[in-house]
Amino acid sequence: MVISSVKIVWISDHKGYGLIATHPIPKGTITFAQDGLDIVIPSEKLESVDQNLREYVEKYSYEDFLGNRVVSWDLGKYMNHDDEANTLSTGYGFEIAIRDIAVGEEVTDDYRIFSTHHDTSFASTQEAKNEPELWSDEQVEIWDKKVQMALKSINLVNQPLRPFIQNEIWDEVLSFSHENYRSVKEAFPLRYNLQTLGLLSEGKK
């Protein structure tokens, strides 16, 4: 579920539709959390999806840390990618505003955190290019620093999506420190983690 203070608008011929903030979204606000109405398609069943629906799934789904495809039931599916996104996915299973987002500003996410197949349909702000199979430590560190700074404000701002965060996760977030912080890497599809551990051979799908 995406935060309710957004509306869908036509952004451009390149991006298509996207989400615009209808109210200020302060830094530290949870902007998206998966809920029970989202459609979860296990990776091994993706091939069995009707061909007429396949393009829709490819365009509007994201991969969770297990490699499943998730299609949001609400406007969340229209959030576009930006290499300098104002929200980021976290290792805690939700997305968070990493800076203040003004009314009228497009709300964007960084798809690269989830991407294992480097889908060129991503509405990127840069030309499509082949990224490395595993993100560099430097890139992950950049994402983590932005998320950690946002998490410091999480209990200081209104959180409409708090009911969709498990209490155990919420308590963990409130007490996070450098030692127990869940890196953005926890949001990577499972194959990333397996490759990192050397349990999945290079190039295996």
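Residues numbered from 1 in each chain as written. Predicted model: local features only at pLDDT ≥ 70, side-chain atom pairs only at ≥ 80, totals over all residues. Heavy atoms only, no water.

This structure, assessed with the given rule, holds five aromatic pairs. When the centroid spacing of 5.0 Å and the interplanar angle of 90 degrees are considered together, the rings of Trp-10 and Tyr-17 count as edge-to-face. With relative accessibility at 49%, the residue Trp-10 sits in the partly exposed group. Judged by its relative accessible area of 44%, Tyr-17 is partly exposed. Each member of the aromatic cluster is reached from another via a ring pair, and the members are Tyr-92, Phe-94, Phe-176 and Tyr-181. (Phe/Tyr/Trp six-rings, centres within 6.5 Å; stacked < 30°, edge-to-face > 60°. Buried < 20%, exposed > 50% of the residue type's maximum accessible area, 1.4 Å probe, protein only.)

On to the confidence of the model for the chain. Summary statistics for the chain give a mean pLDDT of 83 and a share of 82% for residues scoring 70 or more. In this model, residues 116–132 is a region of pLDDT below 50 whose contacts with residues beyond four sequence positions or in other chains number 27 contacts. Considering only residues more than four positions removed or in separate chains, one finds that residues 197–205, a stretch of pLDDT under 50, has six contacts. (pLDDT = per-residue confidence, 0-100. Contact = heavy atoms within 4.5 Å.)

Glancing now at a nonpolar patch on the surface. A surface patch of nonpolar side chains, amounting to about 320 Å² of accessible area, comprises Ile-8, Trp-10 and Tyr-17. Within the secondary structure layout, Ile-8 lies in strand 1 (residues 6–12). (Patch = residues over 30% accessible without salt bridge, like charges linked within 9 Å, V, L, I, M, F, W, Y side chains within 5 Å. Areas by Shrake-Rupley, 256 points an atom, 1.4 Å probe, with all protein chains shown as cover. Salt bridge = Lys/Arg side-chain N within 4 Å of Asp/Glu carboxyl O. Helix = DSSP H or I, 4+ residues; strand = E, 2+ residues; numbered from the N terminus.)

Moving on, we get to the side chain of Asp-74. With respect to the helices, strands and loops of the structure, Asp-74 is situated in the loop between strand 6 (69–71) and strand 7 (80–81). If we skip the residues at most four places from it in the chain, Asp-74 touches Met-1 and Val-2.

Let us now look at the sheet that holds strand 8 (residues 87–89). With antiparallel pairing, the three strands of this open sheet are ordered in space as 3-9-8. The sheet is open, and its two edges are formed by strand 3 (30–33) and strand 8, each paired on a single side. Between one strand axis and the next, the sheet turns through 20 degrees on average, direction left out of account. Bridge count for strand 3 against strand 9 (residues 94–97) is three bridges, and the pairing is antiparallel. The residue of strand 9 that forms the bridge with Phe-32 is Glu-95. (Pairing = 2+ DSSP bridges. Axes fitted to C-alpha atoms, helices over the stretch in contact; angles between N-to-C directions.)

Taken in spatial order, the three strands line up as 4-6-5 in an open sheet, and their pairing is antiparallel. Of all the strands in the sheet, the pair left with one neighbour each is strand 4 (39–41) and strand 5 (61–63). Taking the axes of each pair of neighbouring strands and ignoring which way they run, one obtains an average angle of 25 degrees across the sheet.

Right, let's talk about the pattern of salt bridges for a bit. Overall, the coordinates contain eight salt bridges when judged by the stated rule. Its salt-bridge partner being Arg-99, residue Glu-105 comes within 2.5 Å of it at the nearest N-O pair. For Glu-105, a relative accessible area of 22% corresponds to the partly exposed category. The shortest N-O distance in the salt bridge between Glu-141 and Lys-145 comes to 3.4 Å. Remark: Lys-145 and Glu-141 occur in helix 2 (residues 137–151); sequence separation between them is four residues, near one turn of the helix. On the basis of relative accessibility, which here comes to 52%, the residue Lys-145 falls in the exposed class. In this structure, a network of salt bridges that share partners links the residues Asp-83, Asp-110 and Arg-112.

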